[in-house]
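Structural features, examined
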Amino acid sequence: MIRGFFEAFGRDPEGIWAAPGRLNIIGEFTDYNDGFVLPMAIDAVTTAAVARRRDDVIRVSSSGAPATTTPLASSRICNLTPGNTASWSSYAFGVVWAMTEAGHAIGGVDVFIESKVPIGAGLSSSAALECALGLALRDLFASTISLQDLALLCQRAENAYVGVPCGIMDQTASLCCTAGHAIEFDTRSGEIEQVDFDLSAAGLELLVIDTQVRHQLATSAYGDRRSACELAAKAIGVKALRDATLADLDKIPDDVVRRRARHVITENERVLSVAALLRSRRFIEVGPILSAAHQSLKDDFEVSCAELDLAVDIATHAGAFGARMIGGGFGGCVIALIRSEDQRTIERSVTAAFASNGFTPPRIFGALAAPGARRVR
Ligand code: GLA
């Protein structure tokens, strides 16, 4: 990190900040419906090495950039303009822009980014980048911002600067999660509760199966689904689908829109059920709820794909208590709740099934609830 920063900028950074990707245990596509989510941080992080400058220029480089002594991208802060989606550096510029817009006196910085969060896997690599830099800028220039307000600014960077209409789950998870816990997050009230999530004591674990499928479709479909949810709330006559019940579904004339709404309504109930089960340490009973969520994402929300469905199917048949796709869909990862001793068997079964279907070999690993964003140096 320090070497990368030095090679890019010819000096040492003032500090290094890290922010994790997140894994959402349950509550998919509920965040932009004012609903509930239950994510945890993973141990893969994005790190930002940062040093202040004397002017108002932001320069951003990354370990992904070709070895060069010139920075990858740079701009004066006053020239930052939303809608510049050309590259990953927009996420960094977006954070500076959003914090400045909110009235914080952010000065020029040199930034070097290194990411260990797989991109497009449904593990929130973009939120990790925003939050690592956001936390650095908070510490260096705007120490009064709360973590939840910083999450909102990072979300604004993504919504308004980069142009991705994401909800508030990922940034909040990356900034507010703590080791050994998931957060039960009410996206309407902003209330966060740390829920104990130590599966290992019960001989269990969450297995992550990364299908390695990265679909471009995810971005456009994400906006479509979000619009359908807004239409549904309007047809029902509520502010957001958070306020709707299954009985309201009859008020939605369009079959597709009705199914989208049914996913959100049932998914909110699933989040509350899973949080209650975790609190009473009835972990195994979470399994069937994960599988029900997958069914709903596949049939009602229609964001799954063949690889995700196969991973869920095979993992469940090979002994998982339940499994589901996570994140924006059309690829990325499945999580499966398993007994630790079954890990090898399940891994082998899934890998063999992917091979016999001609799919790219999946990457499979166990996930523990890791700490949220922090200064590491
Ligand atoms: C993406 C978005 C989140 C959330 C999930 C789906 O990760 O960034 O805000 O909507 O999809 O649950």
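Shown above is the structure to which this text applies.
This report concerns the structure included in the present document. (Residues numbered from 1 in each chain as written. Predicted model: local features only at pLDDT ≥ 70, side-chain atom pairs only at ≥ 80, totals over all residues. Heavy atoms only, no water.)

**Focus: the overall build of the protein chain**
Summing up its helical and strand segments, the protein chain has 10 helices and 12 strands in all. Over its C-alpha atoms the protein chain spans a radius of gyration of 21 Å, differing by no more than 12% from the 21 Å that the globule rule assigns to 377 residues. Oriented by its inertia axes, the alpha-carbon framework of the protein chain measures out at about 60 × 50 × 40 Å. In the protein chain, buried positions account for 56% of the 377 residues. Carbon together with sulfur atoms contributes 51% to the accessible area of the protein chain, which is approximately 15000 Å² in total. Charge-centre separation for the protein chain: the mean point of 36 positive side chains lies 4 Å from the mean point of 44 negative side chains. (Helix = DSSP H or I, 4+ residues; strand = E, 2+ residues; numbered from the N terminus. Rg over C-alpha atoms; globule rule 2.2 N^0.38 Å. Buried < 20%, exposed > 50% of the residue type's maximum accessible area, 1.4 Å probe, protein only. Areas by Shrake-Rupley, 256 points an atom, 1.4 Å probe, with all protein chains shown as cover. Lys, Arg positive; Asp, Glu negative; His and termini not counted. Charge placed at Lys NZ, Arg CZ, Asp CG, Glu CD.)

**Some details on the packing of helix 9 (residues 306–317) against helix 10 (residues 343–356)**
For the pair helix 9 and helix 10, interaxial distance at closest approach is 9 Å and the crossing angle is 140 degrees. Taken together, the axis directions place helix 9 and helix 10 in an arrangement best described as oblique. Between helix 9 and helix 10 the crossing geometry is right-handed. Contacts from Glu 307, Leu 310, Ala 311, Ile 314 and Ala 315 of helix 9 reach helix 10 at Ile 346, Ser 349, Val 350, Ala 353 and Phe 354. (Axes fitted to C-alpha atoms, helices over the stretch in contact; angles between N-to-C directions. Parallel < 35°, antiparallel > 145°, perpendicular 65-115°, else oblique. Left-handed = near helix turned anticlockwise from the far one by under 90°. Contact = heavy atoms within 4.5 Å.)

**Here's the deal with the nonpolar core**
In this structure, Val 50, Val 96, Met 99, Leu 133, Leu 137 and Leu 175 are the most contacted members of the largest nonpolar core, which totals 49 residues. Here Leu 133 is in contact with Ala 48, Val 50, Ala 92, Val 95, Val 96 and Val 111, once residues within four sequence places are set aside. Counting residues in hydrophobic clusters, the runner-up holds 41 residues, among them Tyr 32, Val 264, Val 303 and Met 325. (Core = buried A, V, L, I, M, F, W, Y, C linked by side-chain atoms within 4.5 Å.)

**What about helix 2 (residues 89–101)?**
In an α-helix there are 3.6 residues to a turn, and that puts residues three or four apart on one side. An ideal rise of 1.5 Å per residue puts 18 Å on 13 residues; helix 2 measures up with 18 Å between its terminal C-alpha atoms. The element helix 2 is largely enclosed, with a buried count of 11 among its 13 residues. Within the sequence span of helix 2, burial applies to Ser 89, Ser 90, Tyr 91, Ala 92, Phe 93, Gly 94, Val 95, Val 96, Trp 97, Ala 98 and Met 99. Check the buried side of helix 2 and you find it contacts strand 3 (57–62), strand 4 (73–76), helix 3 (125–141) and helix 4 (147–162). Once helix 2 ends, the next one or two residues include Gly 103, with phi positive near 100 degrees. (Expected span 1.5 Å × (residues − 1).)

**Remarks on the sheet that holds strand 10 (residues 333–339)**
The four strands lie next to each other as 9-10-8-11, forming an open sheet whose pairing is antiparallel. The open sheet has two edge strands with one neighbour each: strand 9 (322–325) and strand 11 (363–367). Put simply, the sheet's adjacent strands are angled 25 degrees from each other on average, direction ignored. Pairing of strand 8 (residues 204–210) with strand 11, which is carried by five bridges, proceeds in the antiparallel orientation. Residue pairing in the sheet places Leu 206 in a bridge with Ala 367 of strand 11. (Pairing = 2+ DSSP bridges.)

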